[in-house]
Amino acid sequence: MPLTPQARAKIEAFAHRQHNATGVLMQVVSFVGGQVEDGMKMLPERHRKRLDAAATRGLRASYDAAGRTHGYLGRYVASDRAHKALASVSGAFGGLGGLPTALVELPLATTVIFRAVQQIAAHYGEDPTSTDTRAQCLQVFGKGGPGDADDGIDTSFIGARISISGTAINTLINKVAPQFATVLGQKLASQTIPILGAAAGAGTNFTFVSYYTDIAHVHFGLRQLAREHGADAVSDAYTEALVRLQSPLLKAAKPSNFD
């Protein structure tokens, strides 16, 4: 059915959510992480390789575990708030011992974020245990990251169905992992100092869960609208809304808070 005013309003709200996902808190985390990350470049090559491998293993394990934990104990951790709290505790423990414990904590943090994204998919009418939906959850991890310059206008996911073969899933993980590894680098950078890294780990995990849940609401919210109004119409309206938000001319025309 054609886009209704209500549908257009939802699309506009999703565009604002995408645009605001990298807010002040995220920018602070990126700045702090970026400063420490310069020092991480002097780490042995084996540690940097472990980061890339950890991103791939974390996404693979999360993809598998999320399908099993949606029921059982997983049903008690079902809200954005619960996932943020769990991620904060995980990050605090991960930062207690500096880089070694932070590397050990990465798979748990990744799984918590994945489950939060999976829960949002269910909220928008998708089967969170299906292979296709879990593949779409993987797509969310490729949507940039804190401080990333990604404009978020990739709308190819809106009406797409992802192949359910094992080879296709492995290809998707290998494609998303390098982008997610960059995000994990900022997280690890803030956790390199033992004890102090506990506070940084809790804060960065909370922020990363907030970021990816925002992106997941956009991702699956648009897919829900596409099932009702068609992928092309939703994609075009979403792109137009984002372009308006990012236009320097439109930003300059907005009245200043200090006028």
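Note that the coordinates shown come from a computational prediction; the quantities given were computed from them, not determined experimentally.

1. Digging into the overall build of the protein chain
Here's step 1: Helix and strand counts for the protein chain come out as 10 helices and zero strands.
Here's step 2: The order of α-helices and β-strands along the protein chain, N terminus first, is α-α-α-α-α-α-α-α-α-α.
Here's step 3: A separation of at least 24 residues holds for 84% of the contacts in the protein chain among residues at least 6 apart in sequence.
Here's step 4: As presented, the protein chain carries roughly 12,700 Å² of accessible surface, and 61% of it is formed by carbon and sulfur atoms.

2. A few points about the pattern of salt bridges
Here's step 1: Under the defined criterion, the tally for this structure stands at six salt bridges.
Here's step 2: With a closest N to O distance of 3.1 Å, Asp 64 and Arg 60 form a salt bridge. Here the residue Asp 64 and the residue Arg 60 both occupy positions in helix 3 (residues 45-69), the gap between them amounting to four residues, near one helical turn.
Here's step 3: Its salt-bridge partner being Arg 223, residue Glu 126 comes within 2.9 Å of it at the nearest N-O pair. Of this pair, Glu 126 sits in the loop between helix 5 (99-123) and helix 6 (131-141) while Arg 223 sits in helix 8 (residues 196-229), and the two are 97 residues apart along the sequence.
Here's step 4: Given the relative accessible area of 8%, Glu 126 is considered buried.
Here's step 5: Using a relative accessible area of 7% as the deciding quantity, one classes Arg 223 as buried.
Here's step 6: Residues participating in the shared-partner salt-bridge network are Glu 126, Asp 132, Arg 223 and Arg 227.

3. Some words on the environment of Ala 135
Here's step 1: Along the chain, Ala 135 falls in helix 6.
Here's step 2: Ala 135 sits in the buried class, given a relative accessible area of 0%.
Here's step 3: Spatially, the C-alpha atom of Ala 135 lies 10.0 Å from that of Gln 118, the residues being 17 residues apart in sequence.
Here's step 4: Residues contacting Ala 135, with those up to four places away along its chain left out, are Tyr 63, Ile 162, Ile 169 and Leu 172.

4. Section: the packing of aromatic side chains
Two descriptors summarise a pair of aromatic rings, namely the distance from one centre to the other and the angle between the planes of the rings.
Here's step 1: Counted according to the given criterion, the structure contains six aromatic pairs.
Here's step 2: Three or more aromatic residues joined by ring pairs form one cluster here, namely Phe 114, Phe 141, Phe 180, Tyr 211 and Tyr 212.
Here's step 3: Of note, Arg 134 hangs over the ring of Tyr 63, and the distance from its end group to the ring centre comes to 4.4 Å.

5. Quick look at helix 9 (residues 231-246)
Here's step 1: For helix 9, spanning 16 residues, the distance from its first C-alpha to its last is 22 Å, which sits close to the expected 22 Å at 1.5 Å a residue.
Here's step 2: Listing the buried residues of helix 9 in full gives Val 234, Ser 235, Ala 237, Tyr 238, Ala 241, Leu 242 and Leu 245.

6. A short note on the side chain of His 219
Here's step 1: Its location among the elements puts His 219 in helix 8.
Here's step 2: Apart from the residues lying within four places of it in its own chain, the contact partners of His 219 are Gln 136, Gln 139, Val 140, Lys 143 and Phe 157.

7. Some words on the environment of Gln 139
Here's step 1: In this fold, Gln 139 is placed in helix 6.
Here's step 2: It is 9.4 Å that separates the C-alpha atoms of Gln 139 and Lys 175, two residues lying 36 residues apart in sequence.
Here's step 3: Among residues more than four places away in sequence, those in contact with Gln 139 are Phe 157, Ile 162, Leu 172 and His 219.

8. A few points about helix 1 (residues 5-20)
Here's step 1: Relative to the 22 Å expected for 16 residues at 1.5 Å per residue, helix 1 spans 22 Å between its end C-alpha atoms, a close match to the ideal helical length.
Here's step 2: Buried within helix 1 we find Ala 7, Ile 11, Phe 14, Ala 15 and Gln 18. End-on, the buried residues of helix 1 take up no more than an arc of 100°, which puts them together on one face. Among the exposed residues of helix 1, those oriented more than 90 degrees off its buried face are Pro 5, Gln 6 and Asn 20.

Definitions and cut-offs
Residues numbered from 1 in each chain as written. Predicted model: local features only at pLDDT ≥ 70, side-chain atom pairs only at ≥ 80, totals over all residues. Heavy atoms only, no water. Helix = DSSP H or I, 4+ residues; strand = E, 2+ residues; numbered from the N terminus. Contact = heavy atoms within 4.5 Å. Areas by Shrake-Rupley, 256 points an atom, 1.4 Å probe, with all protein chains shown as cover. Salt bridge = Lys/Arg side-chain N within 4 Å of Asp/Glu carboxyl O. Buried < 20%, exposed > 50% of the residue type's maximum accessible area, 1.4 Å probe, protein only. Phe/Tyr/Trp six-rings, centres within 6.5 Å; stacked < 30°, edge-to-face > 60°. Lys NZ or Arg CZ within 6 Å of the ring centre and 35° of its normal. Expected span 1.5 Å × (residues − 1). Arc of directions from axis to C-beta.

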